[in-house]
There are 2 protein chains.
Amino acid sequence: MKRFEDLSPSLRCIMTPGPVEVDPRVLRAMSFPVLGQFDPEFTNIMNETMGMLRELFATGNQWAYPVDGTSRSGIEATMVSLIAPGDRVLIPIYGRFGHLLHEIAERCGAEVYTIEKPWGSVFAPEEIIAEMRKVKPQVVAMVHGETSTGRLQPLEGIGEACREMDALLIVDAVATIGGVPVETDAWKLDAVIGGTQKCLSVPSGMSPITYNERAEAKVLSRKQVERGLRTDDSKLGGMSPVRSNYFDLGMLQDYWSPLRLNHHTEMTSMLYALREGLRLVLEEGLEARFARHLLHEQALVAGLEAMEMKLYGNPDCKMPMVTCVTIPEGVDGEAVRSMLLDDFGIEIASSFGPLKGQIWRIGTMGFSCRKNNVLRVLGGLEAALLRQGCKLPAGLALQAALDVYEQV
Amino acid sequence: MKRFEDLSPSLRCIMTPGPVEVDPRVLRAMSFPVLGQFDPEFTNIMNETMGMLRELFATGNQWAYPVDGTSRSGIEATMVSLIAPGDRVLIPIYGRFGHLLHEIAERCGAEVYTIEKPWGSVFAPEEIIAEMRKVKPQVVAMVHGETSTGRLQPLEGIGEACREMDALLIVDAVATIGGVPVETDAWKLDAVIGGTQKCLSVPSGMSPITYNERAEAKVLSRKQVERGLRTDDSKLGGMSPVRSNYFDLGMLQDYWSPLRLNHHTEMTSMLYALREGLRLVLEEGLEARFARHLLHEQALVAGLEAMEMKLYGNPDCKMPMVTCVTIPEGVDGEAVRSMLLDDFGIEIASSFGPLKGQIWRIGTMGFSCRKNNVLRVLGGLEAALLRQGCKLPAGLALQAALDVYEQV
């Protein structure tokens, strides 16, 4: 008796802030037979991936490689390796994922200082720099694009201030990498974490990171060689060792270096996927890709406004790849989402915490960010809202979006 | 200019202790388009996977789900969640991966006690139980199958003793799950960690775990709801919180429960792969799968002995799926391995630490564990050894292996 059927997932139009649709070339890459982890063909794929990640992160850093886990694994690896217990850590918070950084820093044993902005807005860099002067942190950790509220935090100037005050700057660019500029070197970011399942449009499962020599110095000061691999001359760092083995960047970089010191077994098929996703990004070109995200945002917003939907949050700091829509009064937001999924095969997202039930979040990320998807979500949303008894000017949304596309 | 070529990995015969070859059905599963993480179709796939994992682990435990990372992510998640800082932890060590457990326990802040056996042998359960009486540990953590030496540790009786002494027993079954019996309930194991890239023959990238109510009680006593998701009535546990967010089993189980409390974004394509790999295991049947691993081990060993190779380690505790061969005097082990890979497309493994350069390790795991592969590695090894000038009786190895297969 066959109790579990053949896998046959429905085809979805995924317009959430991730995970989003995956290019068929990336799906195909995962279907190739695997290589052993120390096979020279495989270590060559590892090196090629590092090369492409450097371009993605706009950096000359030696270290740019994926952490093997979902996006928050890259965040935790970076934080637990760069934050020693007792370190003073400043975390500016303007949405859910700032709270996540707070929580992770706390679990790292940090002395955490936070400043908060109301959800829907962001900080002026000077506000953060002023707080740094008070707190004198060893580490500043912040979110670049906050998908919970759809806001984009400007980073210019903060990295420079961190160097002056001898602090390390960690930036969570999970939602922004590959969608808007993330200028690791130009903005003097010491460590940056990206995500795969958003603007890169690779399935969830890896978290590409990069960090510079300032960050590496701290990693090396805490370094240990793994028990079972140690030799008498294995050098040990002087500071408190990293509290995690899996997330110890000192060990990860030995594995990703020509040393190839055995640590975990690299995720073969996910690396194939990441490599193919990065090829797609670089073939399109970063600038073209950023422009594409802006174009489809513009069409989506034009359509939503023609439908008389109210956008949530301060428009001056809106993320191009996430559009937050206030759920109209009297409309059951979850009923609309269910109807979109069940009848139209379209997925949009709700939000978290104080915004739960208040807004929908529509993503235009990576491979999902394309004309037919934008038109499809606008058409579906209009029909679902009308069906739920919501009053709106019918037929205008798609025309407004088409107008935007015609102007290109 | 295309700087990075199309992916086209060579086809390999992978006879290592992992990662091993992947069934084409599993590779195909990864090529399906992704679903959103809260899509009911996807949460159904999560639930089906939990159901199949319970069968794999031979358990009635509620909790059986994958941790999103490579095998050691499951080990670290289990240890960091079940070991509170200051806990007394006993770790019996008989190879490299016992040292890894020691290292992880130390990083968890445990007071670690170890006993060691020379590599190549294992403990009698009574020796471990006697040490427990002295140490009075809160947690005992040990490896079931030690791939570094190819030894299998008997576990019977240790779980019972842990209950009497109120200790939790954590077992690393990364290399054994799906290859030999792992009787979670019958052996009273409190937490068990499996691996995907070995006897399950799913690519590296997930680590299935299971744990019982005794383990869950400790997890819940340390529970926190994530900052940014907390409500005023979120219950917090009394004991010291888990030092990791990513690996906090209290959070992971909320995500895998009907609550679906958002944590990480589940690895869609890897979960498709795991689900298909588990279907293959259950279609074959666990007993038949264990018997298959024994048969091919027997054929491999017969061939190696006919070739006058010396097997490493105590034969009474040999793992069926890893066969360690002493590198004959005067033979350059790495030259043989390179020749096998470059000329024959066959990969076998070297080993770690004190065994580096001393032995080869030949895996017969999961999908790689089949007749044509065993014959291929024997034929290739014989030819490579002859080519390196090693004296051995030519032509006998394959005949000996074929004799074993004919007797079935």
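Fair warning: this is a prediction, and the values are worked out from it, not measured in the lab. (Residues numbered from 1 in each chain as written. Chains lettered and ligands numbered in written order. Predicted model: local features only at pLDDT ≥ 70, side-chain atom pairs only at ≥ 80, totals over all residues. Heavy atoms only, no water.)

Q: Would you explain the sheet that holds strand E14 (residues 359–363) of chain A in this entry?
A: Two pairing modes exist for strands in a sheet, parallel and antiparallel, and in both the strands are linked by backbone hydrogen bonds. Residues and elements named next belong to chain A. If you walk across this open sheet you meet the three strands as E11-E12-E14, and the pairing is antiparallel. Each edge of the sheet is formed by a strand with only one pairing partner; in this case those strands are strand E11 (310–311) and E14. The sheet contact formed by E11 and strand E12 (residues 322–326) spans two bridges and is antiparallel. When the sheet's bridge partners are listed, leucine 311 is paired in E12 with valine 325. (Pairing = 2+ DSSP bridges. Helix = DSSP H or I, 4+ residues; strand = E, 2+ residues; numbered from the N terminus.)

Q: Just checking my understanding: could you explain the UniProt feature "binding site: substrate" (unreviewed entry) in chain A for this structure?
A: Residue and element names in this part refer to chain A. The positions that UniProt labels "binding site: substrate" (unreviewed entry) are, in the present scheme, Arg361. Its place among the elements puts arginine 361 in strand E14. For arginine 361, a relative accessible area of 6% translates into the label buried. (UniProt positions renumbered as here; feature names shortened; annotations may be inferred. Buried < 20%, exposed > 50% of the residue type's maximum accessible area, 1.4 Å probe, protein only.)

Q: Looking at this structure, how should I read the side chain of B:Thr210?
A: Residues and elements named next belong to chain B. One can find threonine 210 in strand E10 (residues 207–211). In this structure the side chain of threonine 210 is engaged in a polar contact, spanning 3.0 Å, whose partner is the side chain of asparagine 61. From its side chain, threonine 210 meets the backbone oxygen of tryptophan 63 in a polar contact 2.7 Å long. Non-local contacts of threonine 210, meaning those with residues more than four positions away in its chain, are made with Phe57, Thr59, Asn61, Trp63, Ala64, Thr184, Asp190, Ala191 and Val192. (Polar contact = N/O pair within 3.5 Å; in protein donor to acceptor, adjacent residues only side chain to side chain. Contact = heavy atoms within 4.5 Å.)

Q: Just checking my understanding: could you explain empty space enclosed by the protein for this structure?
A: Residue and element names in this part refer to chain A. Applying the stated rule across the entire model yields three cavities of 30 Å³ or more. The volume enclosed by the largest cavity comes to roughly 70 Å³. Looking at the largest cavity, the residues that line it are Lys223, Gln224, Val225, Glu226, Leu229, Gly250, Met251, Asp254, Leu261, Asn262 and His263. (1 Å grid on protein atoms, 1.4 Å probe; cavity = no way out; pocket = protein on both sides within 12 Å on 5 of 7 lines; lining within 4 Å. Points joined across faces, edges and corners; volume = space filled by probe spheres on them.)

Q: Would you mind going over the domain arrangement of chain A with me for this structure?
A: All names here are of chain A. If you check the domain split of chain A, you get domain 1 (23–281) and domain 2 (286–407). Opposite the 29 residues of domain 1 that make contact, domain 2 presents 25 residues. For the pair domain 1 and domain 2, the summed buried area comes to about 2,200 Å², and 65% of that belongs to carbon and sulfur atoms. Taken together, the connections running from domain 1 to domain 2 amount to zero salt bridges. Seen at the junction of domain 1 and domain 2, the total is 12 residue pairs in polar contact (both at pLDDT 80 or more). For the side of domain 1 that touches domain 2, the secondary structure elements donating two or more residues are helix H2 (40–56), helix H4 (96–107), strand E6 (145–146) and strand E7 (151–152). Looking at the side of domain 1 that touches domain 2, its residues break down into 12 nonpolar, 11 polar and six charged. (Domains from an automatic or database assignment. Buried area = accessible area lost by both parts, 1.4 Å probe. Salt bridge = Lys/Arg side-chain N within 4 Å of Asp/Glu carboxyl O. Nonpolar A, V, L, I, M, F, W, Y, C, P; charged D, E, K, R; others polar.)

Q: Sorry, what's going on with helix H11 (residues 333–344) of chain B here?
A: What sets the pattern is the α-helix's 3.6 residues per turn: residues three or four places apart point alike. An ideal rise of 1.5 Å per residue puts 16 Å on 12 residues; H11(B) measures up with 16 Å between its terminal C-alpha atoms. Burial in H11(B) covers these residues: B:Gly333, B:Val336, B:Met339, B:Leu340 and B:Leu341. On its buried side, H11(B) packs onto H2 of chain A together with strand E13 (346–347), strand E14 (359–363) and helix H12 (371–387) of chain B. At the N-terminal boundary of H11(B), the capping side chain belongs to B:Asp332, with an oxygen 3.0 Å from the backbone nitrogen of B:Glu334. Just beyond H11(B), the residue with positive phi is B:Gly345, at close to 70 degrees. (Expected span 1.5 Å × (residues − 1).)

Q: What should I look at first to understand the relation of the copies chain A and chain B in this one?
A: Here the two chain copies are tied together by a rotation about an axis and a shift along that axis. For these two chains of identical sequence, chain A goes onto chain B by a turn of 180 degrees and a shift of 0.0 Å along the axis, with RMSD 0.0 Å. The two molecules are tied by a two-fold rotation axis, judged by turn and shift. No C-alpha of chain A lies nearer the rotation axis than that of A:Gly69, which sits 2.3 Å from it. An overlap of 100% is found between the interface residues of chain A and their copies at the interface of chain B, pointing to a shared contact surface. (Least-squares fit on C-alpha atoms with pLDDT ≥ 70 in both.)

Q: Help me out: how do you make sense of the packing of helix H10 (residues 286–306) of chain A against helix H12 (residues 371–387) of chain A in this one?
A: Two measures define how a pair of helices packs: the angle their axes make with one another and the distance between the axes. Residues and elements named next belong to chain A. At a minimum axis distance of 10 Å, the contact between H10 and H12 shows a crossing angle of 15 degrees. Relative to H12, H10 is oriented roughly parallel. The crossing of H10 and H12 is right-handed. Where H10 approaches H12, its residues His296, Ala299, Leu300, Gly303 and Leu304 are matched on the opposing element by Lys371, Val374, Val377, Leu378 and Leu381. Taken together, the residues of the contact of H10 with H12 break down into seven nonpolar, two polar and one charged. (Axes fitted to C-alpha atoms, helices over the stretch in contact; angles between N-to-C directions. Parallel < 35°, antiparallel > 145°, perpendicular 65-115°, else oblique. Left-handed = near helix turned anticlockwise from the far one by under 90°.)

Q: Just checking my understanding: could you explain the pattern of salt bridges for this structure?
A: Any two side chains of opposite charge can pair, given that their charged atoms come close. All names here are of chain B. Counted according to the given criterion, the structure contains 48 salt bridges over all chains. Among the salt bridges present, the one from lysine 218 reaches aspartate 87, with a minimum N-O distance of 2.5 Å. With lysine 218 in helix H7 (residues 213–221) and aspartate 87 in the loop between helix H3 (71–82) and strand E3 (88–93), this pair connects stretches of sequence that are 131 residues apart. Each member of the pair, lysine 218 as well as aspartate 87, carries the same accessibility label: buried. In this structure, glutamate 131 and lysine 134 form a salt bridge, with 3.4 Å as the shortest nitrogen-oxygen distance. With a gap of three residues between them, glutamate 131 and lysine 134 both fall in helix H5 (residues 125–135), about one helical turn apart.

Q: I tried to follow the packing of aromatic side chains on my own but got confused; where do I start?
A: The way to describe two aromatic rings as a pair is by their centre distance and the angle between their planes. Residues and elements named next belong to chain B. On inspection of all chains with the given rule, the structure shows 19 aromatic pairs over all chains. Geometrically, the ring pair formed by phenylalanine 97 and phenylalanine 352 is edge-to-face, given 6.1 Å between the ring centres and 90 degrees between the ring planes. Taken together, the residues phenylalanine 97 in helix H4 (residues 96–107) and phenylalanine 352 in the loop between E13 and E14 connect sequence positions 255 residues apart. Judged on exposure class, the residue phenylalanine 97 and its partner phenylalanine 352 are both buried. Arginine 96 extends its terminal NZ or CZ atom over the ring of phenylalanine 352, reaching a point 4.3 Å from the ring centre. Of note, arginine 370 hangs over the ring of phenylalanine 367, and the distance from its end group to the ring centre comes to 4.5 Å. (Phe/Tyr/Trp six-rings, centres within 6.5 Å; stacked < 30°, edge-to-face > 60°. Lys NZ or Arg CZ within 6 Å of the ring centre and 35° of its normal.)

Q: Explain the interface of chain A and chain B here, please?
A: Put simply, an interface is often sized by how much accessible area is lost when its parts join up. Contact with chain A, which involves 85 residues of that partner, is made by 86 residues of chain B. At the boundary of chain A with chain B, total buried surface from both sides reaches about 7,400 Å², with 54% on carbon and sulfur atoms. The largest contributions to the chain A side of the interface with chain B come from A:Leu7, A:Arg107 and A:Arg227, which together make up 12% of the buried area. In this structure, the connection of chain A to chain B is made through eight salt bridges. The shortest N-O distance in the salt bridge between A:Arg107 and B:Asp248 comes to 2.7 Å. Remark: the boundary between chain A and chain B carries 38 residue pairs in polar contact (both at pLDDT 80 or more).

Q: What am I meant to see in the environment of B:Lys318 here?
A: All names here are of chain B. In this fold, lysine 318 is placed in the loop between strand E11 (310–311) and strand E12 (322–326). Accessibility expressed as a relative area gives 15% for lysine 318, which makes it buried. Separated by 197 residues in sequence, lysine 318 and serine 121 place their C-alpha atoms 8.7 Å apart. Apart from the residues lying within four places of it in its own chain, the contact partners of lysine 318 are Gly150, Arg151, Leu152, Glu297, Val301 and Thr323. Here the side chain of lysine 318 touches glutamate 297 through a polar contact of 2.8 Å, side chain to side chain. Within the local environment of lysine 318, its side chain forms a polar contact with the backbone oxygen of valine 322, the two atoms lying 3.1 Å apart.

Q: Mind showing me how you'd approach the pairing of E14(B) here?
A: Two faces belong to every sheet, and in a regular strand the side chains alternate between them. Residues and elements named next belong to chain B. In terms of burial, E14 is a largely internal element, five of the five residues being buried. Alternating positions in E14 separate into two faces, Ile359, Arg361 and Gly363 on one and Trp360 and Ile362 on the other, with burial throughout. Relative to E14, E12 is paired through five bridges, and the arrangement is antiparallel. Across the sheet, the residue bridging to valine 322 is glycine 363, located in E14.

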